[in-house]
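Spelled out, the chains give:
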Amino acid sequence: MNGSRRLEGLEGLAARALAEDVGDGDRTTAWTLPAGAEGRAVIVAKSDGVVAGVAFAEAVFDAADPSLAREWSVDDGARVGPGDVLVRVSGPLASVLVAERTVLNGLARLSGIASATAAYVDAVRGTGATVIDTRKTTPGWRSLEKAATRAGGAGNHRMGLYDMVLIKENHIRCAGGVLEALEAVREPAQREGLQVEIEVDTLADLDLVLSTRPPDRVLLDNMSIDQLREAVGKAASLGDRRPLLEASGGIDLETVRGVAGTGVDLISVGAITHSAPALDLSLLVQQ
């Protein structure tokens, strides 16, 4: 399988990643392999997890040697366990070994993100809350890492500063207050068809937001379980005018289900991208 969506700029990113590793040549491979050696290799999982990064791996193999044949047993979103084969590769063994580390680095990193995300998604299953990601991503890798969170079952928050208005603490300070910040963005956001979200960290500020024409979303930052429940009740009183409520700040696997149980719509978790451990994978040449 190789049905993962192709991401803009993927080929260039894969080529740069490979070039960083290869430099002006892989001396070890060139000096240890018989000239023209052909063979097969597999990438196997060494722990439980969720796969992501198939498109990146494919792009690296293509950059190393497009003649390499690949047969994928999984696609993004597949759950794997120790010993499961992700892909079988055949062709020039020198090309396989040149691509090995770059392919594994990308697959392990992105599958680690998908695996961490799936743990949060599993933890809130049945509550009605949706886990979403943040912009806390590796520079240059955002589209890949957000694809990995989707593979793990999460929703994507905004991709960047351009596709949604999110008024945060510093914007509010610069604008002169919660209501002033909201008023400043209403007309231009409507003109450009962008959703508006505002961050609040007190119930008093939430009351201010709900007292006017509410935005599309309200981010409830670092609130306790009791505060979140109260916030949900306040928003519910608006009926059809109720904004979506997003909980954020310090939420981990031990607390996420309790947060989901308060009735919030969305739970944003930065840790699924910035702190996800890599999935343990190996590439093994088969004689």
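Residues numbered from 1 in each chain as written. Predicted model: local features only at pLDDT ≥ 70, side-chain atom pairs only at ≥ 80, totals over all residues. Heavy atoms only, no water.

A.B. asks: Help me understand the confidence of the model for the chain in this model?
C.D. replies: One rule of thumb: low pLDDT means the predicted coordinates there are not for detailed reading. Here the chain shows a mean pLDDT of 96. Residues at 70 or above account for 97%. Throughout residues 1-5 the model reports pLDDT below 50, and contacts reaching past four residues in sequence, or to other chains, amount to 16 contacts. (pLDDT = per-residue confidence, 0-100. Contact = heavy atoms within 4.5 Å.)

A.B. asks: How should I be thinking about helix α5 (residues 142-151) in this particular structure?
C.D. replies: Within α5, seven of the ten residues are buried, which leaves it mostly tucked inside the rest of the structure. Three or more residues of α5 are buried, namely Leu144, Glu145, Lys146, Ala147, Ala148, Thr149 and Ala151. Positive backbone phi, at 105°, marks Gly153, one or two positions downstream of α5. (Buried < 20%, exposed > 50% of the residue type's maximum accessible area, 1.4 Å probe, protein only. Helix = DSSP H or I, 4+ residues; strand = E, 2+ residues; numbered from the N terminus.)

A.B. asks: Where do I start with unusual backbone geometry in this structure?
C.D. replies: Phi is mostly negative for residues that are not glycine, and the peptide bonds are mostly trans. The backbone of Asn222 sits at a positive phi, close to 55°, despite the residue not being glycine. The residue Asn222 is located in the loop between β9 (217-221) and α9 (225-236) in this model.

A.B. asks: Whenever I open this one, the sheet that holds strand β7 (residues 165-167) confuses me. Can you help?
C.D. replies: In a beta sheet, neighbouring strands are held together by backbone hydrogen bonds and run either parallel or antiparallel to one another. One open sheet accounts for six strands, arranged β6-β11-β10-β9-β8-β7; its pairing is parallel. If you trace the sheet from one side to the other, it starts and ends with β6 (130-132) and β7, each paired once. In this sheet, neighbouring strand axes are inclined to one another by 25° on average, regardless of whether the strands run parallel or antiparallel. Relative to strand β11 (residues 266-268), β6 is paired through three bridges, and the arrangement is parallel. If you follow Thr130 over to β11, its bridge partner there is Leu266. Contacts from α9 reach β9 and β10 (244-248), with the element oriented near 165° to β10. (Pairing = 2+ DSSP bridges. Axes fitted to C-alpha atoms, helices over the stretch in contact; angles between N-to-C directions.)

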